[in-house]
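# Close look at the chain arrangement
Chain by chain, the residues run as shown.
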Amino acid sequence: MFYILLSTFLISLIAFLGALTLFLKEKLLDKILLILVAFSAGALIGGAFLHLIPEAISEIGSSETDLLKIFLLVILGFCVFFILEQFIRWHHHHTVHCEDCPKIAPFSYLILISDAVHNFIDGLIIAASFIIAFPVGVVTALAVALHEIPQEIGDYGVLVYGGFKKIKALFLNFLSAITVVFGGIIGFLLSEKIGQSIVFLLPFAAGHFIYISATDLIPEIKHRASDKKSIIHFSVFLFGIFLMLLLKILI
Ligand SMILES: [Zn+2]
């Protein structure tokens, strides 16, 4: 429980990183963000395929029906976030400036709501992972934190662009992020009720990570860069996967 609370609370603080946009030059921040996006895209793929899915298989089983169950849950995790983003017709921007962002505040509220839901589910996932095994918890919390950083900074930029005052945007962004702590607590309580079944959240989490990496993060770095930058971004992406492999060996 302690680790669930600690990690989810730290992750909710990431919302305040949006304030960086006040201090850093837009160009520099953009550069840092794209590197972070590439790194986090790799870490999510590595987290899903090297940690969550293998752990799910070793916990649930590897018979044909078990595998079918596991991969259906992976697809479910993928689809839930697909719907979540499709429903509000919003695509996360991981850069500070966004020319095609709608300038109206209602859209900014939608972003806050979808973020709150997203972060709540992330909290559930972290709780489930820590309950199943400490190393899985660490890896999941790390993967969540990594994809939160570019997302929260990007969201903050969008909120400010949507017309919120800077302080208010920061506060609202934090409110939508604190749901990760609630998710963590609910996940913990849920595990006491449903016991071992909590393990089914692992493949679901894997589907979520694959979705975010493939549809949110990778497109951000795919089209916008020169050849040289593309090579850097791809290397950083590989490094994200490598980090997860390293964690697999070390913990
Ligand atoms: Zn997430």
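Check the entry above for the structure.
Please read all numbers here as calculations on a predicted model, not as lab measurements. (Residues numbered from 1 in each chain as written. Predicted model: local features only at pLDDT ≥ 70, side-chain atom pairs only at ≥ 80, totals over all residues. Heavy atoms only, no water.)

Moving on, we come to the environment of serine 191. Looking at the element boundaries, serine 191 is found in helix α8 (residues 179–194). Not counting residues within four places of it along the chain, the set of residues in contact with serine 191 comprises Ile131 and Ile198. (Helix = DSSP H or I, 4+ residues; strand = E, 2+ residues; numbered from the N terminus. Contact = heavy atoms within 4.5 Å.)

Below, the discussion takes up helix α1 (residues 2–13). Helix length check: α1 (12 residues) gives 17 Å between terminal C-alpha atoms against 16 Å at 1.5 Å per residue, within 8%. By the burial criterion, the buried members of α1 are Ile4, Ser7, Thr8, Ile11 and Ser12. In an axial view of α1, the angular spread of the buried residues amounts to 140°, which keeps them on one side of the axis. (Expected span 1.5 Å × (residues − 1). Buried < 20%, exposed > 50% of the residue type's maximum accessible area, 1.4 Å probe, protein only. Arc of directions from axis to C-beta.)

On to the coordination of the zinc ion, then. Coordination of the zinc ion by the protein involves His118 (NE2), Asp122 (OD), Asp122 (OD), His147 (NE2) and His208 (NE2), with metal-donor separations of 2.0 to 2.5 Å. Mapping the donors of the zinc ion onto the primary sequence yields the spacing H-x3-D-x24-H-x60-H. Placement of the pair is histidine 147 in helix α6 (residues 134–161) and histidine 208 in helix α9 (residues 201–222), with a sequence separation of 61 residues. On the accessibility criterion, histidine 147 (0% relative accessible area) is buried. (Donors = N, O, S within 2.8 Å, 3.2 Å for Na, K, Ca; no water.)

Relative to the assigned elements, serine 7 resides in helix α1. Of note is the side chain of serine 7, whose polar atom sits 2.8 Å from the backbone oxygen of tyrosine 3. If we skip the residues at most four places from it in the chain, serine 7 touches Ile126, Phe130 and Ala141. (Polar contact = N/O pair within 3.5 Å; in protein donor to acceptor, adjacent residues only side chain to side chain.)

Moving on: a nonpolar patch on the surface. A cluster of nonpolar residues, Phe2, Tyr3, Leu6, Phe9, Leu10, Leu13, Phe16 and Phe134, forms a patch on the protein surface that exposes about 770 Å² of accessible area. Of the residues forming the nonpolar patch, the biggest block, 6 residues, is contributed by α1. Within the secondary structure layout, leucine 6 lies in helix α1. (Patch = residues over 30% accessible without salt bridge, like charges linked within 9 Å, V, L, I, M, F, W, Y side chains within 5 Å. Areas by Shrake-Rupley, 256 points an atom, 1.4 Å probe, with all protein chains shown as cover. Salt bridge = Lys/Arg side-chain N within 4 Å of Asp/Glu carboxyl O.)

The subject of this paragraph is the packing of aromatic side chains. This structure, assessed with the given rule, holds 9 aromatic pairs. Ring centres of phenylalanine 78 and tyrosine 211 lie 5.0 Å apart, and the angle between their planes is 90°; on these two criteria the pair is classed as edge-to-face. A residue pair is termed long-range when its members are at least 10 positions apart, and phenylalanine 78 in helix α4 (residues 64–87) and tyrosine 211 in helix α9 qualify at 133 residues. The exposure class assigned to tyrosine 211 is buried, which follows from its relative accessible area of 5%. Ring geometry for phenylalanine 130 against phenylalanine 134: centres 5.8 Å apart, planes inclined by 45°, an arrangement best described as tilted. Overall, the relative accessible area of 14% leaves phenylalanine 130 in the buried class. Put simply, the rings of Phe2, Tyr3, Phe130 and Phe134 touch in pairs and so form one group of aromatic residues. (Phe/Tyr/Trp six-rings, centres within 6.5 Å; stacked < 30°, edge-to-face > 60°.)

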